[in-house]
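# Residue-level structural notes
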There are 2 protein chains.
Amino acid sequence: MISKFMEPRVANNSVIRQMFEEGKRLAKIYGAENVYDFSLGNPNVPAPEELKDAIIDILNSEDPVKVHGYMSNAGFEETRQAIADDLNRRFGTDYKWENVIMTAGAGSSLNITLKTILDPGDEVLVFAPYFVEYNNYISNYGGVPVVVSPDPESGFMPNIAEMKEKITPQTKAVIINNPNNPTGAVYPEPVIQELADALKAREQELGTVIYIICDEPYRELVYGGASVPHVPNYYDDTIIGYSYSKSLSLPGERIGYVLVPPQSDESAEFIDAVTIANRISGIVNAPSLIQLAIARCTDAKANIAFYEKNGTDLYNGLTSAGYECVKPSGAFYLWVKTPIEDDSAFAEELKEHNILVTPGSAFAGPGYIRISYCVAHETILNSMPGFLAVAQKYFK
Amino acid sequence: MISKFMEPRVANNSVIRQMFEEGKRLAKIYGAENVYDFSLGNPNVPAPEELKDAIIDILNSEDPVKVHGYMSNAGFEETRQAIADDLNRRFGTDYKWENVIMTAGAGSSLNITLKTILDPGDEVLVFAPYFVEYNNYISNYGGVPVVVSPDPESGFMPNIAEMKEKITPQTKAVIINNPNNPTGAVYPEPVIQELADALKAREQELGTVIYIICDEPYRELVYGGASVPHVPNYYDDTIIGYSYSKSLSLPGERIGYVLVPPQSDESAEFIDAVTIANRISGIVNAPSLIQLAIARCTDAKANIAFYEKNGTDLYNGLTSAGYECVKPSGAFYLWVKTPIEDDSAFAEELKEHNILVTPGSAFAGPGYIRISYCVAHETILNSMPGFLAVAQKYFK
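Residues numbered from 1 in each chain as written. Chains lettered and ligands numbered in written order. Predicted model: local features only at pLDDT ≥ 70, side-chain atom pairs only at ≥ 80, totals over all residues. Heavy atoms only, no water.

## What about helix α6 (residues 106–117) of chain A?
Stated formally: In DSSP terms, a helix is any run of H or I states spanning at least four residues, a strand is any run of E spanning at least two, and both are numbered starting from the N terminus. The length a helix should cover is 1.5 Å for every residue beyond the first. Exposure classes here rest on a 1.4 Å probe applied to the protein chains alone. A residue is buried below 20% of its type maximum, exposed above 50%, and partly exposed in between.
Compared with the 16 Å implied by 1.5 Å per residue over 12 residues, the 17 Å span of α6 of chain A between its first and last C-alpha is a close match. With 12 of 12 residues buried, α6 of chain A is to be regarded as a mostly interior element.

Given below as structure tokens:
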């Protein structure tokens, strides 16, 4: 009765989401304050006050028929213009409102982008470890995910040498996620430049178009002076999927955009196609009220410094206990090597101390765990005895 | 560069949506008050005041991390419970919160339902005239739309005799849209009973499961004493896709649900599958703030009486001018026979009077036009001279 496509996906439901449900279950037993749930990337910093004020002002001053009504499938022009202006200021670009298509978050941005370009059998490269939901996003349109191995020595930068080898005439796109989930790494300018050069060379050799699809929900979450290069400034055939989930702490609202730079291949046709893909996927348009609020809040930011402190304290705590961790430069994830090979077994050991983390295998990165540190600072402090207890077994 | 799936869809962009853009263009030239745009089903009645109050109160009193955060992919339990309670009160059912999965509107509800059940080559029956976006929704998952002919004599009730013939072992579902877009007809209880009986008989003959998928965004928009039967009370294997677009005038917000009744085939597995389909389509979850507002507003309604007056006045005006129309019982559409065979040409004639309507061919219903009467009452009054001028050419 369930389709053949969905059957295995029902059987192997998302590990991350199972953990989310498990966290709620444990919280009921032990009390929420005694469960240290580091499993889900659900921002715990409140949305900025400007956003609340914007929503209330819009409700009080604008016509509800407009506020809650249909607009063009690509979104309100005023919102698209405000975003284009913001990007132009920050990245020295010259985007028009037409280049920005409002979507129901980054997951939706990736899906309508992939729907726009993929025919069955087309290949999309991903760099392990990675958000494995990409596999579903690619398979939704008959595409085939091609995994490039992790490169721990470089601090989990993309393995460009291996990427070059894995590009074929069927390669339609390479997905990068910068800052990275699950590693917390940020790809700096030289890495993006090298990636762009390698892809340009392969495009010319093969005579094909290969997109870089940038999944950038964490773009504003960078620490210690790191910055995220704006990829269209390095590579023409770039499509960006953005979300306000993290920068404005709005993950549940499902609001983001696809950016189609004018210099990308047949950009006008791409804009039409991605807009139609948005419509026919049944989403129709990004949620309207929050679109209008975004137009007034492109400068606003949730309190990112909070995450930086969490990341630093967690990193310092765990490394001094003996754990080997990637130093976090962005996002809100700490990527920690497990002292035993079986990362799921290690996650179970932590769970005995009411610590919930995600095994790296869930990101095609076995031998590691991902710790989401978008949690109360006390959660980090109070979880330390548990992390230490487990550490003593292995590092003393 | 654009996928083979998307290419023809870019080439033949939605007629309705083109009209929407055309309406905006004409409004700029002639002034919005001199363009009579009956092309889009965009409610023009404001959302009820309770909804605004609910949103503002939630923003002022609840934790923003909850309000804008992730929840289970199927939605907030409190919203699902409030909807189950409301349905139970109205339809004498016994739904639990688990039976309700929150979605980004009815379009999304249909998509994740179809993704759950369709394998490539599976057939889905639709009754012409119909919202042809169903073709895309079905094709998104490799399904094949099978069109059952219109039945003008019955006032565009579903042609059950032809449906029975068109059911094959590949038939996975029949979509019904009640009240109907584009005809404004409401299928009464005897019709639903006959449909249910016919499908039960075919299910038993073939040994298959055939779902009725009810697309019900217009459920609350009924006039002159009409009422919409709750199909799960007549047929077990029913899935309902609902949206608050019309009942609360929130089409831009993308908020609705899938109802999976407990008596439907393997309902627990179906609930899991449709929830996962919601997640992996990239939507992840229905927008959060509006979900919480809905939980407080299941009893609220936009001013439906406004549409009833519009429908009555338009029907009376056009029929006395000589037009042949289906008497509207629900939704906010008037379905009008064109005096010439070519409905697109007739729509062009009306456009010369700044009247925008949608040719019936866009709904697989040639020889008719659809007039969306979710417009200001003056639009109906002021458009009458144009309708009369065209009528005089044909009916005198």
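## Quick look at the interface of chain B and chain A
The following threshold applies: In what follows, residue pairs with any heavy atoms lying within 4.5 Å of each other are defined as contacts. Once two parts are put together, the accessible area they lose, assessed with a 1.4 Å probe and summed over both, is termed the buried area. The term salt bridge refers to a pairing of a side-chain nitrogen on Lys or Arg with a carboxyl oxygen on Asp or Glu at a separation within 4 Å. By the criterion applied in these results, polar contacts are pairs of N or O atoms within 3.5 Å in which, for protein atoms, one can donate a hydrogen and the other can accept it, and in which residues neighboring in sequence qualify only through two side-chain atoms. Only Asp, Glu, Lys and Arg are considered charged in this grouping, and only Ala, Val, Leu, Ile, Met, Phe, Trp, Tyr, Cys and Pro are considered nonpolar; every other residue, Gly among them, is considered polar.
Counting residues at the interface gives 79 residues for chain B, matched by 79 residues for chain A. Taken together, both faces of the contact between chain B and chain A bury some 6200 Å²; the carbon and sulfur share is 55%. Together, Met1, His68 and Tyr70 of chain B form the three largest contributors to the area buried by chain B at its contact with chain A, with a combined 13%. Scanning the region where chain B abuts chain A turns up 4 salt bridges. Run the count over chain B and chain A and you get 38 residue pairs in polar contact (both at pLDDT 80 or more). At the level of elements, α1 (7–11), α2 (15–30), α3 (49–61), α4 (64–67), α6 (106–117), α7 (133–139), α10 (267–280) and α11 (288–296) of chain B are the ones that each hand at least two residues to the side of chain B that touches chain A. The element that contributes the greatest number of residues to the side of chain B that touches chain A is α10 of chain B, accounting for 8 residues. For the side of chain B that touches chain A, the per-class residue count stands at 37 nonpolar, 24 polar and 18 charged.

## Some words on the relation of the copies chain B and chain A
Operational definition: A least-squares superposition brings the copies together, and it is based on the C-alpha atoms of residues with pLDDT no lower than 70 in both.
Aligned on chain A, chain B shows an RMSD of 0.0 Å; the corresponding rotation is 180° and the shift along the axis is 0.0 Å. Both chain copies can therefore be described as sitting about a two-fold axis. Among all C-alpha atoms of chain B, that of isoleucine 56 of chain B lies closest to the rotation axis, at 3.1 Å.

## Points about helix α14 (residues 377–395) of chain A
Residues and elements named next belong to chain A. Using the following cut-off: Working definition for bend: take the seven residues up to and ending at a residue and the seven starting at it, fit an axis to each, and measure the angle between the axes.
For α14, spanning 19 residues, the distance from its first C-alpha to its last is 25 Å, which sits close to the expected 27 Å at 1.5 Å a residue. By the largest-angle criterion, serine 383 marks the main kink of α14, which is about 35°, and a proline, proline 385, follows within four residues. Listing the buried residues of α14 in full gives His377, Thr379, Ile380, Ser383, Met384, Gly386, Phe387, Val390 and Ala391. Packed against the buried residues of α14 are β1 (36–37), α12 (304–320), α13 (343–351), β10 (355–356) and β12 (368–372).

## Details of the pairing of strand β9 (residues 333–337) of chain A
Residues and elements named next belong to chain A. Spelled out, the test is: Think of it this way: DSSP has to see at least two bridges between two strands before they count as a pair.
Within β9, 4 of the 5 residues are buried, leaving the element largely enclosed by the surrounding structure. Bridge count between β9 and β12: 5 bridges; the pairing is antiparallel. In the strand pairing of β12, leucine 334 is matched with isoleucine 371.

## A few points about the environment of alanine 286 of chain A
Counting through the fold element by element, alanine 286 of chain A comes out in the loop between α10 (267–280) and α11 (288–296). Not counting chain neighbours up to four residues away, the residues in contact with alanine 286 of chain A comprise Met71, Met102, Thr103, Ala104, Ile255, Asn278 and Gln291 of chain A together with Gly252 of chain B.

## Here's the deal with the nonpolar core
Most often, soluble globular proteins have nonpolar side chains that are buried together. Counted only if it meets this: Put simply, a nonpolar core is a bunch of buried Ala, Val, Leu, Ile, Met, Phe, Trp, Tyr and Cys residues held in one set by side-chain atoms that sit within 4.5 Å of each other.
Core analysis: the biggest nonpolar cluster contains 114 residues, and Ile55, Met163 and Ile176 of chain A together with Ile55, Met163 and Ile176 of chain B have the highest contact counts within it. The residues contacting isoleucine 55 of chain A, other than those within four sequence positions of it, are Leu289, Ile290 and Ala293 of chain A together with Ile55, Leu59, His68 and Leu289 of chain B.

## Quick notes on the sheet that holds strand β8 (residues 256–259) of chain A
Residues and elements named next belong to chain A. Applicable threshold: Fitted lines through C-alpha atoms serve as axes, helices being fitted only where they are in contact, and the angles separating the N-to-C directions of these axes extend from 0 to 180 degrees.
Taken together, 7 strands build an open sheet; the order of strands is β2-β8-β7-β6-β5-β3-β4 and the sheet is mixed. Only two strands of the sheet have a single neighbouring strand rather than two, namely β2 (100–103) and β4 (144–148). For this sheet the average axis-to-axis angle between neighbouring strands, irrespective of direction, equals 20°. Pairing analysis gives 5 bridges linking strand β5 (residues 171–177) to strand β6 (residues 211–215), with the strands arranged parallel. Considered in β6, the bridge of alanine 173 is made with tyrosine 211. Along the sheet, helix α9 (residues 189–206) makes contact with β3 (123–127), β5 and β6, crossing β5 at roughly 175°. Here α10 sits on the sheet in contact with β2, β6, β7 (238–243) and β8, set at roughly 10° to β2.

## Details of the confidence of the model for chain A
Rules: A residue's pLDDT is simply how confident the predictor is in it, with values from 0 to 100.
In the predicted model, chain A carries a mean pLDDT of 95, and 99% of its residues have values of at least 70. This complex was scored by the predictor with a pTM of 0.96 and an ipTM of 0.95.

## Some remarks on the packing of aromatic side chains
Condition: Classification of ring pairs uses Phe, Tyr and Trp, with its six-membered ring standing for Trp, and accepts pairs whose centres are within 6.5 Å; under 30 degrees between planes counts as stacked, over 60 as edge-to-face, and the remaining range as tilted. Charge-over-ring placement is defined geometrically: NZ (Lys) or CZ (Arg) within 6 Å of the ring centre, and within 35 degrees of the ring normal.
In the structure shown here, the tally under the stated rule is 40 aromatic pairs over all chains. Relative to tyrosine 134 of chain A, the ring of phenylalanine 131 of chain A lies with its centre 5.7 Å away and its plane at 90°, an arrangement referred to as edge-to-face. Assessed through its relative accessible area of 2%, tyrosine 134 of chain A is described here as buried. Through a chain of ring-to-ring contacts, the aromatic side chains of Phe38, Tyr323, Phe346, Phe387, Tyr394 and Phe395 of chain A assemble into a single cluster. It is arginine 9 of chain B that lies over the ring of phenylalanine 5 of chain B; its NZ or CZ is 3.8 Å from the centre.

## Observations regarding the environment of alanine 128 of chain A
Residues and elements named next belong to chain A. Within the fold, alanine 128 resides in the loop between β3 and α7 (133–139). Sequence-wise, alanine 128 and alanine 74 are 54 residues apart; in three dimensions their C-alpha atoms are separated by 32 Å. Excluding residues within four positions of it along the chain, alanine 128 makes contact with Val147, Val148, Ser149, Pro150 and Ala364.

## Details of the side chain of threonine 113 of chain B
Residues and elements named next belong to chain B. Examined against the element boundaries, threonine 113 turns out to sit in helix α6. The class of threonine 113 is buried, set by a relative accessible area of 2%. Filtering out sequence-adjacent residues up to four positions away, threonine 113 remains in contact with Ile213, Ile239, Val258, Phe270 and Val274.

## Some words on unusual backbone geometry
Note that the residue after asparagine 178 of chain A, namely proline 179 of chain A, is joined by a cis bond; omega there is -10°. Inspection of the secondary structure puts proline 179 of chain A in the loop between β5 and α9. In this model, alanine 128 of chain B is joined to proline 129 of chain B through a cis peptide bond whose omega is -10°. Considering the arrangement of structural elements, one finds proline 129 of chain B in the loop between β3 (123–127) and α7. Backbone geometry places phenylalanine 156 of chain A, a non-glycine residue, at a positive phi of 65°. Within the secondary structure, phenylalanine 156 of chain A is located in the loop between β4 and α8 (160–166). Looking at phenylalanine 156 of chain A, the relative accessible area reads 6%, which means it is buried. Not every positive phi belongs to a glycine, and alanine 331 of chain A is a case in point at roughly 60°.

## Focus on the packing of α12 of chain A against α14 of chain A
Residues and elements named next belong to chain A. Heads up, the condition is: Orientation categories follow fixed angle ranges, with anything under 35 degrees roughly parallel, anything over 145 roughly antiparallel, 65 to 115 roughly perpendicular, and all other angles oblique.
Axis separation between α12 and α14 bottoms out at 10 Å; the angle between their running directions is 10°. Relative to α14, the element α12 lies roughly parallel. Residue-level inspection shows Phe306, Lys309, Asn310, Asp313, Leu314, Gly317 and Leu318 of α12 in contact with α14, the latter providing His377, Ile380, Met384 and Phe387. Partitioned by chemical class, the residues of the contact of α12 with α14 number 6 nonpolar, 3 polar and 2 charged.

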